[in-house]
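Structural features, examined
Chain by chain, the residues:
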Amino acid sequence: MTDHIEQLIRRYPCLATCEEGIQVAYTILEKTFAAGGKLLTAGNGGSAADSDHIAGELLKSFIKRRRPDSAFLDSLTAVDGESGRYLADRLEGSLPVISLCNQTALLTASLNDVDGNAVFAQQIMGYGKKEDAFLGISTSGNSKDIVYAMVVARAKGLATIALAGRDGGRIARLADAAIVVPEQETFKIQELHLPVYHALCLQIEEHFFPG
């Protein structure tokens, strides 16, 4: 089995300072998906794009061809032959991830009616189960909406992962696993976040889709 986290540290030696946090985060993700849980993830601005990016890497094939199991493919054609054959050639193995950044009606309603800083927390209230995990992304570690989401996730019993920079801020202190990349400026923090979550997604894919 390829150790993508080890390869990450070789390619980005500066990330050795957060290797332990990355390993703990991987363990959380592996346990979450193995238990039938899902990953909820959120961030603001560029970190919202990262949240969507993570969902995209896990909901479909990343670097490996993920074939669904043959029993499921047979079920597709049993439901409808033509559609089943089409889908059998195109569907890929998937892991359940929800980026909380795309609920336009809820986001705007929260901004207008309540408090926009609670919108991710509100979604965790609705989606979150004890077998799930929450990954909060904030370059400063102090984004209010991510902090509040982390608090709700902890209160509901979800495993929590913080992806941050600088000193990690409040989310690093709240999370079960804190990945704090060693940069201070927002764009430089984001430049290191991407290879970190790519390595996590690659390692998860390697584990759950070994063929």
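Residues numbered from 1 in each chain as written. Predicted model: local features only at pLDDT ≥ 70, side-chain atom pairs only at ≥ 80, totals over all residues. Heavy atoms only, no water.

**Comments concerning the overall build of the protein chain**
Here is the rule we go by: Helix numbers and strand numbers start at the N terminus; a helix is a DSSP run of H or I with at least 4 residues, a strand a run of E with at least 2. For the radius of gyration, the atoms used are the C-alpha atoms, and the globule rule reads 2.2 Å times the number of residues raised to 0.38. Only protein chains enter the area calculation, which uses a 1.4 Å probe; residues under 20% of their type maximum are buried, those over 50% are exposed, and those in between are partly exposed. Note on contacts: a residue pair is in contact if any heavy atoms of the two residues lie within 4.5 Å. All accessible-area figures derive from a Shrake-Rupley calculation using a 1.4 Å probe, and residue coverage is judged against the displayed protein chains alone. Here the positive residues are Lys and Arg and the negative ones are Asp and Glu; neither His nor the chain ends is included. Charge coordinates come from a single atom per side chain, which is NZ of Lys, CZ of Arg, CG of Asp or CD of Glu.
Across its full length, the protein chain holds 10 helices and 5 strands. Taking 17 Å as the expected radius of gyration for a compact globule of 211 residues, we find that the protein chain reaches 18 Å, a close match to that expectation. Taken over the C-alpha atoms alone, the protein chain extends approximately 55 × 50 × 30 Å along its principal axes. A total of 211 residues make up the protein chain; the buried ones form 46% of that total. Partitioning the intrachain contacts of the protein chain with sequence separation of at least 6 by distance along the chain shows that 71% fall at a separation of at least 24. Carbon and sulfur atoms make up 53% of the accessible area of the protein chain, which amounts to about 10200 Å² in all. A distance of 3 Å separates the average location of the 20 positive side-chain charges in the protein chain from that of its 26 negative side-chain charges.

**Looking at the nonpolar core**
Filter applied, for reference: Among the buried residues, those of types Ala, Val, Leu, Ile, Met, Phe, Trp, Tyr and Cys that are joined through side-chain atoms within 4.5 Å form a nonpolar core.
Ranked by size, the top nonpolar core spans 34 residues in total, and within it L39, L58, I179, V196 and L200 carry the most contacts. Looking at this core, the elements that each hand over two or more residues are α1 (4-11), α2 (19-34), α3 (46-59), β3 (133-137), β4 (159-164), β5 (177-180) and α10 (186-208). Filtering out sequence-adjacent residues up to four positions away, L58 remains in contact with F33, L39, R66, S94, L95, V97, C201 and I204. Listed in part, the 21 residues of the second largest apolar core include L40, C101, L158 and A162.

**Some details on empty space enclosed by the protein**
Short version of the rule: We place a 1 Å grid over just the protein atoms. Points where a 1.4 Å probe fits but has no way out form a cavity, open points with protein on both sides within 12 Å along at least 5 of 7 lines form a pocket, and any residue with an atom within 4 Å of a point lines it. Grid points are joined across faces, edges and corners, and a volume is the space filled by probe spheres set on the points. Classification used: nonpolar for Ala, Val, Leu, Ile, Met, Phe, Trp, Tyr, Cys and Pro, charged for Asp, Glu, Lys and Arg, polar for all others including Gly.
Counted according to the given criterion, the structure contains 1 cavity of 30 Å³ or more. In this structure, the largest cavity spans a volume of roughly 60 Å³. The wall of the largest cavity is formed by L29, L39, I54, L58, L135, Y197, L200, C201 and I204. Mapped by element, the contributors of at least two residues to the lining of the largest cavity are α3 and α10. Top element by residues in the lining of the largest cavity is α10. It accounts for 4 residues. Considering only residue class, the lining of the largest cavity consists of 9 nonpolar, no polar and no charged.

**Here we look at the environment of I137**
The topology assignment puts I137 in strand β3. Excluding residues within four positions of it along the chain, I137 makes contact with T41, A42, G43, N44, S47, D50, S51, I54, I146, L163 and H193.

**Concerning the pairing of strand β1 (residues 39-42)**
The line we're drawing: Should DSSP find at least two bridges between two strands, the strands are taken to pair.
Burial along β1 is two-sided: L39 and T41 and L40 and A42, pointing in opposite directions, are all buried. The sheet contact formed by β1 and strand β2 (residues 97-99) spans 3 bridges and is parallel. Opposite L39, over in β2, you have V97 as the bridge partner.

**Here's the deal with the packing of α1 against α10**
Relative placement of two packed helices is described by the angle separating their axes and the distance separating the axes. Short version of the rule: For helices, the axis comes from a line fit to the C-alpha atoms of the stretch in contact; other axes are also lines fit to C-alpha atoms, and the angle between any two N-to-C directions lies between 0 and 180 degrees. Angles are sorted into four bins: roughly parallel if under 35 degrees, roughly antiparallel if over 145, roughly perpendicular if 65 to 115, and oblique for all others. Left-handed is the label given to a crossing in which the near helix is rotated counterclockwise from the far helix by less than a right angle, and right-handed is the label when the rotation is clockwise.
The geometry of α1 relative to α10 is characterised by a closest axis approach of 8 Å and an angle of 155° between their N-to-C directions. In terms of orientation, α1 lies roughly antiparallel with respect to α10. Here the hand of the crossing between α1 and α10 comes out right-handed. Contacts from H4, I5 and L8 in α1 reach P195, V196, A199, L200, L202, Q203 and E206 in α10. Taken together, the residues of the contact of α1 with α10 break down into 7 nonpolar, 2 polar and 1 charged.

**A few points about the confidence of the model for the protein chain**
Filter applied, for reference: Along the chain, pLDDT gives the predictor's confidence residue by residue, from 0 to 100.
Averaged over every residue, the pLDDT of the protein chain is 97; residues scoring 70 or more account for 100%. Per-element mean pLDDT across the protein chain ranges from 92 in helix α6 (residues 104-113) up to 99 in β3.

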